[in-house]
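Notes for the structure review
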Amino acid sequence: MPTMFAAAGVDDLIKTGGSCRVNADVKARFVPGDKIVARNINPVSHTRLPQYVRGKHGTVERDHGVFVFPDTNAVLKGERPQHVYSVMFTARELWGPQAPEKDKVYIDLWDDYMDPAG
Amino acid sequence: MSKAHEHDHDNRSDISLRVKAVESLLIEKGLLDPAAIDKLVDAYEHKIGPHNGARVVARAWSDPSYKQRLLKDGTAAIAELGFTGIQGEDMVVVENTSGVHNMVVCTLCSCYPWPTLGLPPNWYKAAPYRSRAVIDPRGVIEEFGLKIPESTEVRVWDSNAELRYLVLPERPAGTEGLDEAALAKLVTRDSMIGVGLPLSPDRGTE
Amino acid sequence: MNGIHDLGGRHGMGPIDIDPEQPIFHADWERRMFGMFILAFAGGHFNIDQFRAAIEKMKPAEYLESDYYEHWLYSLETWCKANGSLTDEEIENRMRKLSKGAA
């Protein structure tokens, strides 16, 4: 049941916030350097995998650690904690050969959003 | 959806009235403390803002070992200066160099590093920036008055998860003698989002 | 969902309204809405993912045309109605009462 958050707690709330990081020992499916392909999922419910990335090929740059998975958390189907990675996609991969050659888009993808690329 | 909801969109005074109505109802039901709203507003309107991020940048420019820590673990390094909390719990700092220019967006909503930059400007949260930043970052940056050379690599960071991004701009030329406080004055909000560069010292900050 | 909020790469959204002098809050209702969202979140009305999911269900045209903090009101109302804290009728009655009081 929702409660009232009192003024006395505001200073602490501001300073502490609410990280979505989960202290769980979850295995990572990927490591930096891995080539991946973003899954082509199209859920009608909440996801943080934007359409512009689905089906595209990228490279894992960094493992940020373990976080709550929004797709399930949004519908109260559990936190399903998993690794989130910074993944690099070249502009040309996303937008075609007319995009600037050097440019890149980095996006944070959960384990469940990716498959290894062949 | 209720008719009142549809009318909100047509009449600006309706939204103000509706917010008042919702607030007063939640207070009466013991679900909301209005003094808590006042405190939050005061903090984000008057205390928390890009001057915080500017201090982080100035420290990184002045202290190479701090800069290394900042790039390795943004959360911990920013916490050394006390800028922790809501929408900054997990920070990543990305560095501009002579060959790389970084820019931050949240295409899906408005995610932004509040403890270091305060609340985002309207343009950051609106459709034009959110849609174009990932597909035409150079065009967007040019609208802000800055032209990125073709030889520079542009990296756009889409804050779609709970990591929040801060750009560490390049230290401007001619700032060798300046202390951290003076350096911080050169660091603009837009340079930490990546749609601008820091001020140069001869242009002055007075 | 493949909603209008998923804006990355879309064309036709118009020029960026840079407005260098813009204030943090444009009106008092924005201040109140900002505070209410944070407190409702801290009070357990919804988690952050639920909050965003509700915004994504706004009518696309309304999503694009409304002021930013109207998205937050929409979501707050969605969750308060879902958990029984508020009803549309209560809100509309209160709005009527408040506007009479102001007259």
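Notes on the structure in this doc start here. Keep in mind that what you see is a predicted model, and the values were worked out from it rather than measured. (Residues numbered from 1 in each chain as written. Chains lettered and ligands numbered in written order. Predicted model: local features only at pLDDT ≥ 70, side-chain atom pairs only at ≥ 80, totals over all residues.)

Per the secondary structure count, chain C includes 5 helices and 0 strands. Of the regular secondary structure in chain C, the N- to C-terminal order runs α-α-α-α-α. In terms of its C-alpha atoms, chain C occupies a principal-axis envelope of roughly 45 × 35 × 25 Å. Within chain C, the fraction of its 103 residues that count as buried is 47%. Considering only contacts in chain C between residues 6 or more positions apart, those separated by 24 or more positions represent 61%. (Helix = DSSP H or I, 4+ residues; strand = E, 2+ residues; numbered from the N terminus. Buried ≥ 20, exposed ≤ 12 C-beta atoms within 10 Å, placed from the backbone. Contact = placed C-beta atoms within 7 Å.)

So, on to the overall build of chain A. Check the secondary structure of chain A and you find 3 helices and 5 strands. Secondary structure of chain A in N-to-C order comes out as α-β-β-α-β-α-β-β. The C-alpha atoms of chain A give a radius of gyration of 17 Å, which is well past the 13 Å a tight globule of 118 residues would have. Overall, the C-alpha framework of chain A stretches about 55 × 30 × 30 Å when taken along its three principal axes. Counting every position in chain A, which comprises 118 residues, the buried fraction comes to 39%. By sequence separation, contacts in chain A at least 24 residues apart represent 60% of the contacts at least 6 residues apart. (Rg over C-alpha atoms; globule rule 2.2 N^0.38 Å.)

Residue and element names in this part refer to chain C. Two numbers describe how helix α2 (residues 48-55) lies on helix α4 (residues 68-82): the axes approach to 8 Å, and their chain directions differ by 110°. Considered as vectors, α2 and α4 are oriented roughly perpendicular to each other. In the crossing of α2 with α4, the sense of the turn from one axis to the other is right-handed. Counted together, Gln50, Phe51, Ala54 and Ile55 of α2 and His71, Tyr74, Ser75, Thr78 and Trp79 of α4 form the full contact between these two elements. Of the residues contributing to the contact of α2 with α4, the split by class is 5 nonpolar, 4 polar and no charged. (Axes fitted to C-alpha atoms, helices over the stretch in contact; angles between N-to-C directions. Parallel < 35°, antiparallel > 145°, perpendicular 65-115°, else oblique. Left-handed = near helix turned anticlockwise from the far one by under 90°. Nonpolar A, V, L, I, M, F, W, Y, C, P; charged D, E, K, R; others polar.)

It is worth spelling out the interface of chain B and chain C at this point. Taken residue by residue, the interface counts 45 residues in chain B and 46 residues in chain C. Secondary structure elements with two or more residues in the side of chain B that touches chain C: α1 (3-10), α2 (12-28), α3 (34-47), α8 (122-125), α9 (127-135) and α10 (137-143) of chain B. With 12 residues, the top contributor of residues to the side of chain B that touches chain C is α2(B). Broken down by class, the residue content of the side of chain B that touches chain C amounts to 28 nonpolar, 7 polar and 10 charged.

The buried count for strand β4 (residues 104-110) of chain A comes to 7 of 7 residues, which makes it a mostly enclosed element. Here β4(A) shows a buried face lined by A:Lys104, A:Tyr106, A:Asp108 and A:Trp110 and a second buried face lined by A:Val105, A:Ile107 and A:Leu109. With 7 bridges joining them, strand β3 (residues 82-90) of chain A and β4(A) adopt antiparallel strand pairing. Its bridge partner lying in β4(A), A:Ser86 is registered against A:Asp108. One ladder, built from 4 bridges, connects β4(A) with strand β3 (residues 153-158) of chain B; its direction is parallel. Each residue of the ladder has a partner; that of A:Lys104, found in β3(B), is B:Arg155. (Pairing = 2+ DSSP bridges.)

What follows deals with unusual backbone geometry. All names here are of chain A. Phi at Leu76 is positive, roughly 55°, even though this residue is not glycine. One can find Leu76 in the loop between α2 (70-73) and β3. With 11 C-beta atoms packed within 10 Å, Leu76 lands in the exposed category.

With that settled, the discussion passes to the sheet that holds strand β5 (residues 114-116) of chain A. By definition, the strands of a sheet pair up through backbone hydrogen bonds, in either a parallel or an antiparallel sense. On the basis of which strands lie adjacent, the open sheet formed by 7 strands has the order β5(A)-β1(A)-β2(A)-β3(A)-β4(A)-β3(B)-β2(B) and mixed pairing. Strands with a single pairing partner mark the edges of an open sheet, and in this sheet they are β5 of chain A together with β2 (100-105) of chain B. Taking each pair of neighbouring strands and ignoring which way they run, the sheet shows an average axis angle of 35°. Pairing of β2(B) with β3(B) involves 6 bridges; the strand directions are parallel.

The next point concerns the pairing of strand β2 (residues 57-67) of chain A. Residue and element names in this part refer to chain A. Sheet topology note: the strand β1 (residues 35-38)/β2 ladder contains 3 bridges and is antiparallel. For Val37, the partnering residue across the bridge sits in β2 and is His57. As paired elements, β2 and β3 share 7 bridges and run antiparallel to each other. Each residue of the ladder has a partner; that of Val60, found in β3, is Val87.

On to the interface of chain B and chain A. Tallying the contact residues gives 32 residues for chain B and 29 residues for chain A. Looking at which element gives the most residues to the side of chain B that touches chain A, the answer is β3(B), with 6 residues. For the side of chain B that touches chain A, the residue count by class is 16 nonpolar, 7 polar and 9 charged.

A:Leu109, B:Val57, C:Met33, C:Phe37 and C:Leu39 are the most contacted members of the largest nonpolar core, which totals 119 residues. By residue number, the principal contributor to this core is helix α1 (residues 28-42) of chain C, which donates 10 residues. There are two domains that each give this core at least three residues, and those are domain 1 (3-46) and domain 2 (49-203) of chain B. When residues no more than four places from it in sequence are discounted, the contact partners of C:Phe37 are C:Trp72 and C:Leu76. (Core = buried A, V, L, I, M, F, W, Y, C linked by C-beta atoms within 7 Å. Domains from an automatic or database assignment.)

Looking now at the packing of helix α4 (residues 50-62) of chain B against helix α5 (residues 64-72) of chain B. Residues and elements named next belong to chain B. Interaxial distance between α4 and α5 falls to 5 Å at its minimum, and their mutual angle equals 125°. Comparing their axes, α5 and α4 come out oblique. Together, Val56, Arg59 and Ala60 of α4 and Tyr66, Lys67 and Leu70 of α5 make up the contact between the two elements. When its residues are assigned to classes, the contact of α4 with α5 shows 4 nonpolar, no polar and 2 charged.

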